[in-house]
Amino acid sequence: MLSAESLRSIDREVSKYPTDQKQSAVMGALRIAQQEKRWLSSETIEEVANYLGMPPMAVYEVASFYNMYDLKPVAEHKITVCTNLPCALSGAVDAAEYLKAKLGIGFNETTADGKFTLKEGECMGACGDAPVMLHNNHKMCCKMTTVEIDKLIEELSK
Ligand code: FES
């Protein structure tokens, strides 16, 4: 069950749209649900669907289309590495390889201690700051050299 706080946040998203268009808030509602639960289980998707008066399959279609939504459990710290072309041409491939080796995991994997999940992401709109990574969908990490990666992992490991 989503918390009362999350439901209030979803209500705020819903209030941005006409009263007969609650489903327009589906992306915001999924973001809020994922923020609370860390990932979107079928139960959470169904709860969001019921809250917005939508068929669960329609909500699942949205959740499975965008790669910021996680349909499987992820670690406390999810790091998404942009590997689109501008970043790839500016060191993202090497940065991703360094991060994989440092954590001992590949993309879509989680470290044995459950602390880190690594994901591959699409352009985050900050190509000029490549290599770019996103922490838990919210914190943008720019110009991620090996030194910056070391700092980030050390900070998150505390
Ligand atoms: S290609 Fe990586 S942020 Fe745009």
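Only a predicted model underlies this, so the values are computations on that prediction, with no experimental measurement involved.

Draft legend 1. Representation of the side chain of S6. Structurally, S6 is set in helix α1 (residues 4–14). Judged by its relative accessible area of 7%, S6 is buried. For S6, the contacting residues outside a window of four places in its chain are I32 and E36.

Draft legend 2. View of the environment of S15. Structurally, the position occupied by S15 is in the loop between α1 and α2 (26–37). One polar contact links the side chain of S15 to the main-chain carbonyl oxygen of R12, over a distance of 2.7 Å.

Draft legend 3. Inspection of the domain arrangement of the protein chain at higher detail. Split into domains, the protein chain comes out as domain 1 (4–65) and domain 2 (77–157). For domain 1 and domain 2, the distance between their C-alpha centres works out to 28 Å.

Draft legend 4. Spotlight on the nonpolar core. Among the nonpolar cores identified, the biggest contains 19 residues, and I10, V26, L30, L40, V48, L52 and V59 are the most heavily contacted of them. Those elements that provide at least two residues to this core are α1, α2, α3 (42–52) and α4 (56–65). For this core, the leading source of residues is α2, giving 5 residues. Once residues lying within four places of it in the same chain are set aside, the contact partners of L52 are I10, V14, K22, Q23, A25, V26 and A29. By size, the runner-up hydrophobic cluster in this structure holds 17 residues, among which are A95, I105, F107 and L156.

Calculation rules
- Residues numbered from 1 in each chain as written.
- Predicted model: local features only at pLDDT ≥ 70, side-chain atom pairs only at ≥ 80, totals over all residues.
- Heavy atoms only, no water.
- Helix = DSSP H or I, 4+ residues; strand = E, 2+ residues; numbered from the N terminus.
- Buried < 20%, exposed > 50% of the residue type's maximum accessible area, 1.4 Å probe, protein only.
- Contact = heavy atoms within 4.5 Å.
- Polar contact = N/O pair within 3.5 Å; in protein donor to acceptor, adjacent residues only side chain to side chain.
- Domains from an automatic or database assignment.
- Core = buried A, V, L, I, M, F, W, Y, C linked by side-chain atoms within 4.5 Å.

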